[in-house]
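Single-letter residue listing:
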Amino acid sequence: MSRRTFIAGNWKMNTTIDEAVDLAKGVVAAVGSVTDVDVAVCPPYTNLSAVAEIVKDTNVKLGAQDVHWEEKGAYTGKISCAMLKALGVELVIVGHSEQRTYFGETDETVNKKVAAAIAAGLGPIVCVGETLDERNGGNMETVVERQVRGAFAGMAAADVFKCVVAYEPVWAIGTGVNATAQQANDAHIFIRKILADMYDDDLAQTIVIQYGGSMKPANAKELLGQSDVDGGLIGGASLKAADFAGIVTPA
Ligand code: PEP
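Residues numbered from 1 in each chain as written. Predicted model: local features only at pLDDT ≥ 70, side-chain atom pairs only at ≥ 80, totals over all residues. Heavy atoms only, no water.

### Some thoughts on the packing of aromatic side chains
In this structure the tally under the stated criterion is two aromatic pairs. Between the aromatic rings of Tyr-102 and Phe-103, the centroid separation amounts to 6.2 Å while the plane-to-plane angle is 75 degrees, which identifies the pairing as edge-to-face. Phe-103 matches Tyr-102 in its accessibility class, with the two residues each being exposed. Relative to Tyr-211, the ring of Tyr-167 lies with its centre 6.5 Å away and its plane at 50 degrees, an arrangement referred to as tilted. Within this pair, whereas Tyr-167 is found in strand β6 (residues 164-167), its partner Tyr-211 is found in strand β7 (residues 209-212), the two being separated by 44 residues in sequence. With respect to class, Tyr-167 is no different from Tyr-211; both count as buried. (Phe/Tyr/Trp six-rings, centres within 6.5 Å; stacked < 30°, edge-to-face > 60°. Buried < 20%, exposed > 50% of the residue type's maximum accessible area, 1.4 Å probe, protein only. Helix = DSSP H or I, 4+ residues; strand = E, 2+ residues; numbered from the N terminus.)

### A look at the packing of helix α7 (residues 140-151) against helix α9 (residues 181-198)
Describing two packed helices takes the angle between their axes plus the distance from one axis to the other. Packing of α7 against α9 brings their axes to within 10 Å, and their N-to-C directions diverge by 45 degrees. Classified by the angle between their axes, α7 and α9 sit oblique to one another. Seen from above, α7 lies across α9 with right-handed handedness. The residues of α9 that touch α7, namely those facing Met-140, Glu-141, Val-144, Glu-145, Val-148 and Arg-149, are Ala-187, Phe-190, Ile-191, Ile-194, Leu-195, Asp-197 and Met-198. Among the residues making up the contact of α7 with α9, the classes are represented as nine nonpolar, no polar and four charged. (Axes fitted to C-alpha atoms, helices over the stretch in contact; angles between N-to-C directions. Parallel < 35°, antiparallel > 145°, perpendicular 65-115°, else oblique. Left-handed = near helix turned anticlockwise from the far one by under 90°. Contact = heavy atoms within 4.5 Å. Nonpolar A, V, L, I, M, F, W, Y, C, P; charged D, E, K, R; others polar.)

### With respect to the environment of Ala-86
Checked against the element boundaries, Ala-86 lands in helix α3 (residues 81-86). The spatial distance from the C-alpha of Ala-86 to the C-alpha of Asp-18 is 22 Å, given a sequence separation of 68 residues.

### Describing the site of the ligand
By nearness alone, 14 residues border the ligand, and Lys-12, His-96, Glu-168, Gly-174 and Ser-214 come closest of all. One of the backbone N or O atoms of Gly-235 is found 2.8 Å from an oxygen atom in the ligand. Between the ligand and the protein, one listed contact pairs an oxygen atom with a backbone N or O atom of Gly-236 at 2.8 Å. Burial of the ligand by the protein chains amounts to 96% of its free accessible area of 290 Å². Here the shell around the ligand is composed, by residue class, of four nonpolar, eight polar and two charged. (Near = heavy atom within 4 Å. Polar contact = N/O pair within 3.5 Å; in protein donor to acceptor, adjacent residues only side chain to side chain. Areas by Shrake-Rupley, 256 points an atom, 1.4 Å probe, with all protein chains shown as cover.)

### Quick look at the sheet that holds strand β3 (residues 60-64)
The sheet built from eight strands closes into a barrel, its strands ordered β1-β2-β3-β4-β5-β6-β7-β8 with parallel pairing. For this sheet the average axis-to-axis angle between neighbouring strands, irrespective of direction, equals 25 degrees. Looking at chain direction, β3 and strand β4 (residues 91-94) are connected through two bridges and run parallel. When the bridges of β4 are listed, Ala-64 appears paired with Val-92. Against the sheet, helix α2 (residues 48-55) touches β2 (37-42) and β3, its axis set at about 165 degrees to β3. (Pairing = 2+ DSSP bridges.)

### Quick word on α9
When the terminal C-alpha atoms of α9 are compared, their 26 Å separation across 18 residues agrees well with the 26 Å that a helix rising 1.5 Å per residue should span. Listed in full, the buried residues belonging to α9 are Ala-181, Ala-184, Asn-185, Ala-187, His-188, Phe-190, Ile-191, Arg-192, Ile-194 and Leu-195. In this structure, the buried residues of α9 make contact with β5 (123-128), α7, β6, α10 (201-206), β7 and α11 (217-224). (Expected span 1.5 Å × (residues − 1).)

As structure tokens, this is what we get:
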């Protein structure tokens, strides 16, 4: 089973519009013509439009960092799938641990967002991952299984095929402490096992599963070299074009 490597940058709440333009130009210059790896950047909402212009006609795809599941209406502060689509956005991160921790994201809201994104023709990057306490308490599998089953509850295989999963252990995000290659690979194999149980082996072996959590040029090659690690969702190291490029094409 050959799965394409997919590296996506999550810029989080970083970059003013000028900074985003500079960073996007740097990413396009460094990896815009790479064809053997799928690449995406996910700037803040305010910079999507400007970055869309820069990545247009390159191999760099545009993603958003969140979306609301409702189509329109009285949801102050929220952004709909249609609004993203109209800007040329193709992908959307859903269920990031920072959304879960700080903004009340639950498995149920993740499920609604994934369904809405797919219905609108956006490709969800669905984030799952355990906290340090959960891992140390021996509950990594329980937590990740609950999140995976929750995210895809009630969804047809044909729709889940359109998703990417990002395994992001919370203890590795922004800490400088990445999961070992073995820990990451084991978790990815476990996620495929859940998907095989929910759907079938074909889906489980076809779906792209990114690893996220302090991935950087120095550890990318080893992590990406694992059998079941198909890419990376990159936070901090996506804010410098050279570092991001060093993950897309690790030395
Ligand atoms: C993330 O927030 O998705 C992430 C992986 O962050 P970092 O690379 O900074 O750990």
